[in-house]
Amino acid sequence: MTRGALAGAALCLALLLALWVPASHAESVSSLEQRAKSFYELIERGGKQRAVELFPELERDLVAAEKRLQDELDNLRSDVADDDEQGTVAQQPQWKDIKVRGLLVTYHLAWVRYQGAQLVDDAHKPTLLRQAIENFSGFVGLDEIKEIAAEAEYGQGLAFMDLGDWSKATEHLQSAAKQPKIAARAKAALAEVKRRAAGGKP
C-alpha cells in the first residue's frame, strides 16, 4: 500500500473524524493514526528491521484502542432500558463520536496487520493475514464511505492472495475494481493473482 493510496483511502474517515469527533476525544486516535502512517512510510523507505521492532507495540496499542471504544459502545447500549430507546442510540452524537473513532482504529489495525504479515516468519504470517481479513470485513458494504469499503475489499483480496486462496482473492479484488479510484491497483492485483495461481512465485 503506497502513501498515496493510504491518503486517499483514509480521507473519508478523516473527514468524518473532523466533523463528528470533539478535538479532545480525537487526540489519542489521531496519535495512533500518525504512528500507523509512520509505520507504512518506514516500510516503503526500506526500514524493515525498524518496522519489525515497532510492529508488536503498534498492533497492541491499536487492539487496545479498538477494545476500549467497543466497550464504550457496549456501555451506551446497556444504559438503554428498552428496545424502542435502543433504536435512538445510534443517532446520538456520542455514539457517532465513538463509532467513527472505532472505524479509524480498525481501518489502521487491518493495514498494520497486513503489513506486519509481510515482516514476520512464515509460521506467524497466516494468523496476521486472517486477522487483517476480519478487520477489513467490517467495512464491506459501508455505503456511507464507499471508497473505504472498496479499500477494504482490496485489502481482503491482497490478504487472501497471500494465503493462496485464489478464488476469494479474485472475488474481493473484482469488487474493489468497481471503485474508480482504486480500479488500477485492484486490476494489477488481479493480474498478480492469476500469475501466482498459474505457478508464479510471489
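Since the structure is predicted, the reported quantities are computational estimates derived from the model, not experimental observations.

Novice: Any chance you could explain the packing of helix 5 (residues 93-117) against helix 7 (residues 146-163) here in plain terms?
Specialist: The geometry of helix 5 relative to helix 7 is characterised by a closest axis approach of 11 Å and an angle of 25 degrees between their N-to-C directions. It follows that helix 5 is roughly parallel to helix 7 by the angle criterion. When you trace helix 5 past helix 7, the crossing you get is left-handed. Where helix 5 approaches helix 7, its residues Tyr107, Trp111 and Tyr114 are matched on the opposing element by Ile148, Glu151, Tyr154, Gly155, Leu158, Ala159 and Asp162. Classifying every residue of the contact of helix 5 with helix 7 gives seven nonpolar, one polar and two charged.

Novice: Could you clarify how one ought to interpret the packing of aromatic side chains in this entry?
Specialist: How two aromatic rings sit relative to each other is given by the distance of their centres and the angle of their planes. Summed over all chains, the structure comprises six aromatic pairs. Ring centres 6.0 Å apart and planes at 80 degrees place the aromatic pair Tyr107 and Phe139 in the edge-to-face group. Separated by 32 residues along the polypeptide, Tyr107 in helix 5 and Phe139 in the loop between helix 6 (125-137) and helix 7 bring together distant segments of the chain. Among the residues examined, Tyr107 registers a relative accessible area of 1% and is labelled buried. Geometrically, the ring pair formed by Trp111 and Tyr114 is edge-to-face, given 5.8 Å between the ring centres and 90 degrees between the ring planes. Here Trp111 pairs with Tyr114, and both are found in helix 5, just three residues apart, close to one helical turn. Pairwise contacts between aromatic rings join Trp111, Tyr114, Phe136 and Tyr154 into one cluster.

Novice: Is there a simple way to think about the nonpolar core in this case?
Specialist: Most often, soluble globular proteins keep nonpolar side chains buried together rather than apart. Counting residues in each nonpolar core, the largest one holds 51 residues, and the members touching the most others are Phe39, Leu62, Trp111, Val112, Tyr114, Tyr154 and Leu158. Among the secondary structure elements, those contributing two or more residues to this core are helix 2 (23-44), helix 3 (48-78), helix 5, helix 6, helix 7, helix 8 (166-176) and helix 9 (183-197). Setting aside its immediate chain neighbours within four residues, Leu62 contacts Leu32, Val105, His108, Leu109 and Val112.

Rules of the game
Residues numbered from 1 in each chain as written. Predicted model: local features only at pLDDT ≥ 70, side-chain atom pairs only at ≥ 80, totals over all residues. Heavy atoms only, no water. Axes fitted to C-alpha atoms, helices over the stretch in contact; angles between N-to-C directions. Helix = DSSP H or I, 4+ residues; strand = E, 2+ residues; numbered from the N terminus. Parallel < 35°, antiparallel > 145°, perpendicular 65-115°, else oblique. Left-handed = near helix turned anticlockwise from the far one by under 90°. Contact = heavy atoms within 4.5 Å. Nonpolar A, V, L, I, M, F, W, Y, C, P; charged D, E, K, R; others polar. Phe/Tyr/Trp six-rings, centres within 6.5 Å; stacked < 30°, edge-to-face > 60°. Buried < 20%, exposed > 50% of the residue type's maximum accessible area, 1.4 Å probe, protein only. Core = buried A, V, L, I, M, F, W, Y, C linked by side-chain atoms within 4.5 Å.

Honestly, that's just the spatial picture; any functional story needs more than this.
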